[in-house]
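Residues per chain are reported as follows:
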Amino acid sequence: MTKKFFAALFMMTVFFTASVAFAAFEEMVEEDVNLAPVKKIAVAYPNYYKTEDTEPEIHDFMKDIYNAGRFTSSREIVSYEDVAAAIRRDTGIDIHSLDVPEAEKVYNKFISKYADTYVIATVTNNSKRPWLFFYVYGATDSKLMYTYSVQSNVLDKTAKDYGKAAEEFFKQFDITAKKNMTKEERKELDERQKAARVYRRHVEKTTYKTGKQKVDMVRKK
């Protein structure tokens, strides 16, 4: 009996440790912030510098964050390129031609016209394992609303793992936002999440059949 007990305890410990290693995240909602009303999240320019050959280029990283949101979030995700194009159309300013600090100022000035929040991903990759942070700011005042961070001994410096981390961020944001929702709002969220899952299966099925990535040809409504 004793041996069985310790064997069971050992298995539970292994399972718990593996779970923690796979999902070692932390989140924080700023005081008096309600995430439920958030409808659109724009992807802003990240704080990221590639240090390994296995890591994505910065524009590919932004694209991966955008696609992760389209795959998993119940909210509308707006890409950096779409915001840049909209600013250029409405103001004549091409933020791609500006240095990063100046482009950030212009982005922050006009982002409230295209989304109600924006997310800045930050990657700390100067050690063996990367540490990813996702900061969500209000578009009208640029005040921090929500922080999600993840570091794990199974998280590598690869585009695939960075994409997975972004997916987990969007999923957790939905879960946390749901806590302050009414019954009707939760029902609506569940329907949007179901639609997101259907969308992802459609994209994956199309990619499997054609051998080509179609995510950039299908816009999530």
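You'll find the structure just up there.
Since the model is a prediction, treat every value here as computed from it, not as a measurement.

A. Region of interest: the pattern of salt bridges. The tally for this structure, following the rule as stated, stands at nine salt bridges. With its nearest N and O atoms 3.0 Å apart, the salt bridge here joins Lys-50 to Glu-57. Its salt-bridge partner being Lys-113, residue Asp-90 comes within 3.7 Å of it at the nearest N-O pair. Within this pair, whereas Asp-90 is found in helix 3 (residues 80-91), its partner Lys-113 is found in the loop between helix 4 (100-110) and strand 4 (117-124), the two being separated by 23 residues in sequence. Judged by its relative accessible area of 36%, Asp-90 falls in the partly exposed class. Salt bridges sharing partners connect three or more residues here, namely Arg-89, Asp-90 and Lys-113.

B. Structural view of unusual backbone geometry. For Asp-32, which is not glycine, the phi torsion reads 65° and is therefore positive. One can find Asp-32 in the loop between strand 1 (25-29) and strand 2 (40-43). Although it is not a glycine, Ser-142 sits at a positive phi angle of roughly 60°. Turning to its location among the elements, Ser-142 is positioned in the loop between strand 5 (131-138) and strand 6 (144-150). Take Ser-142: its relative accessible area is 29%, and that puts it in the partly exposed class.

Basis of the calculations
Residues numbered from 1 in each chain as written. Predicted model: local features only at pLDDT ≥ 70, side-chain atom pairs only at ≥ 80, totals over all residues. Heavy atoms only, no water. Salt bridge = Lys/Arg side-chain N within 4 Å of Asp/Glu carboxyl O. Helix = DSSP H or I, 4+ residues; strand = E, 2+ residues; numbered from the N terminus. Buried < 20%, exposed > 50% of the residue type's maximum accessible area, 1.4 Å probe, protein only.

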